[in-house]
Amino acid sequence: MQEYIFYLPYFKSAGKTVAVTNENGENVGQLKRMHKNMWTKSIDFLTRDGLPVLDSISWFPIFSCGLKVHLQVQWEGRTVLIDHVKKHRWVIKENGKTVGDLLGKGIIKNEGQQEIRWGNNVYMLSSHEAVEEACIFNQKREKVAEFKTDLFHFKEGKHSIRVIEELPVPIFIASYYITTFIMPYI
């Protein structure tokens, strides 16, 4: 079992790069939140962090089209863009070619919060409400990864993912980031 550690930013709308390190503290990848323009970034900040009472604005159709949040994921010399195309749907692109997608609750019919399609594989990100834990299951419903939050360091945003086999860990972390920071507001 391999463990990867990452720190999610304190502000949900932050464009700060999130570094992913392995158990030895070596940087193995990163993800970064991206906005199309400053207008989108400003609305994102106001509705998510600045004035939380405004989070209901994202439900209005005129604003929801402008609040699309994209991620850039880098690992192993690869750069993958996760484009927010519509409510609860992101497309994963590498070199301009679609290689997968993320489908959120409301689009998927299965249990869980998000379906991750990567190549020929389908994974399900599911969280348990009883405990602060989110797990990723493969098509056979076998647990292949689990997220943990270090409660002692929770204020620092410290999280980790433990994976059983060689998997697209940065894509899983991006999915967790989207589920935790973005989907509740769209």
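Here is a short report on the structure shown in this document. The residue count restarts for each chain, going from 1 along the sequence in the order it is written. Only residues with pLDDT of at least 70 get local features here, since the model is predicted, and only at 80 or more are side-chain atom pairs given and counted; chain-wide, interface and lining totals rely on the full set of residues. Note: side-chain values were computed over all heavy atoms of the structure, leaving out hydrogens and water.

1. Let's talk about the pairing of strand β10 (residues 133-137)
- In terms of residue burial, β10 counts as a mostly covered element, since 4 of its 5 residues are buried.
- In this structure, β10 lies alongside strand β11 (residues 143-149), joined through 4 bridges in antiparallel fashion. Within β11, the position partnered with Cys135 by the bridge is Glu146.
- Counting the residues that bridge the hairpin from β10 to β11 gives 5 residues, and of these Arg141 lies at a positive phi of roughly 65 degrees. Under the scheme applied here, a residue whose accessible area is under 20% of the maximum for its type counts as buried, over 50% as exposed, and between as partly exposed, the area being computed with a 1.4 Å probe on protein chains only. Per the convention used, a helix needs a DSSP run of H or I reaching at least four residues, while a strand needs a run of E reaching at least two, with both numbered from the N terminus. Two strands pair under a simple rule: DSSP has to find at least two bridges between them.

2. So, the side chain of His70
- Mapped onto the elements of the fold, His70 is located in strand β4 (residues 70-75).
- The definition of a polar contact used here is a pair of N or O atoms within 3.5 Å, where within protein one atom must be able to donate a hydrogen and the other to accept one, and adjacent residues in sequence count solely through side-chain atom pairs. Within polar-contact distance, the side chain of His70 engages the backbone nitrogen of His84 at 3.0 Å.
- Note on contacts: a residue pair qualifies if any of its non-hydrogen atoms lie within 4.5 Å across the two residues. Beyond its immediate chain neighbours, meaning those up to four positions away, His70 contacts Lys32, Arg33, Met34, Lys36, Ile82, Asp83 and His84.

3. Things to note about the packing of aromatic side chains
- In summary, the pairing rule links any two rings of Phe, Tyr or Trp, Trp by its six-membered ring, whose centres are within 6.5 Å, and it sorts them by plane angle into stacked for under 30 degrees, edge-to-face for over 60 and tilted for everything else. Applying the stated criterion across every chain yields a total of 5 aromatic pairs.
- Measuring from centroid to centroid gives 6.0 Å for Trp75 and Trp118, while their planes differ by 50 degrees, and the two rings are tilted. Of this pair, Trp75 sits in strand β4 while Trp118 is found in strand β8 (residues 114-118), placing the two residues 43 residues apart along the sequence.
- In this structure Trp118 comes out as buried when scored by relative accessible area, which is 13%.
- Aromatic side chains Phe147 and Tyr176 sit 4.2 Å apart centroid to centroid with 10 degrees between the ring planes, which places their arrangement in the stacked category.

4. Some points on the pattern of salt bridges
- Counted as salt bridges are all cases of a side-chain nitrogen of Lys or Arg within 4 Å of a carboxyl oxygen of Asp or Glu. In the structure shown here, the tally under the stated rule is 5 salt bridges.
- Two residues, Arg78 and Glu94, come together in a salt bridge whose shortest N-O distance is 2.8 Å. With a gap of 16 residues between them, Arg78 in strand β5 (residues 78-86) and Glu94 in strand β6 (residues 89-94) connect regions that are remote in the sequence.
- Accessibility expressed as a relative area gives 28% for Arg78, which makes it partly exposed.
- What makes Glu94 buried here is its relative accessible area of 16%.

5. Thoughts on the nonpolar core
- Think of a nonpolar core as a cluster: buried Ala, Val, Leu, Ile, Met, Phe, Trp, Tyr and Cys residues, connected wherever their side-chain atoms sit within 4.5 Å. Counting 38 residues, the largest nonpolar core has Phe6, Ile82, Ile136, Phe147, Ile161 and Phe172 as the members making the most contacts within it.
- When residues in this core are grouped by element, the largest group, 10 residues, is from helix α3 (residues 169-182).
- In this structure, Ile82 is in contact with His70, Leu71, Val73, Trp90, Val91, Ile92, Leu102, Ile171, Ala174 and Ile178, ignoring residues within four places of it in sequence.

6. Considering the environment of Val91
- Turning to its location among the elements, Val91 is positioned in strand β6.
- The exposure class of Val91 is buried, given its relative accessible area of 8%.
- Ignoring any residue separated from it by four or fewer positions in sequence, one finds Val91 in contact with Leu81, Ile82, Asp83, Val85, Thr98, Gly100 and Asp101.

7. Concerning α3
- Between its first and last C-alpha atoms α3 spans 19 Å; for 14 residues at 1.5 Å apiece the expected length is 20 Å, and the two agree.
- Of all 14 residues in α3, 13 are buried; the element is thus mostly enclosed. In this analysis, the expected span of each helix is defined as 1.5 Å times one less than the number of residues it contains.

8. Side note on unusual backbone geometry
- Its identity is not glycine, yet Asn95 carries a phi of approximately 55 degrees, on the positive side.
- Residue position: Asn95 is located in the loop between β6 and β7 (97-104).
- For Asn95, a relative accessible area of 77% corresponds to the exposed category.
- Positioned with a positive phi, Arg141 is a non-glycine residue whose angle comes to about 65 degrees.

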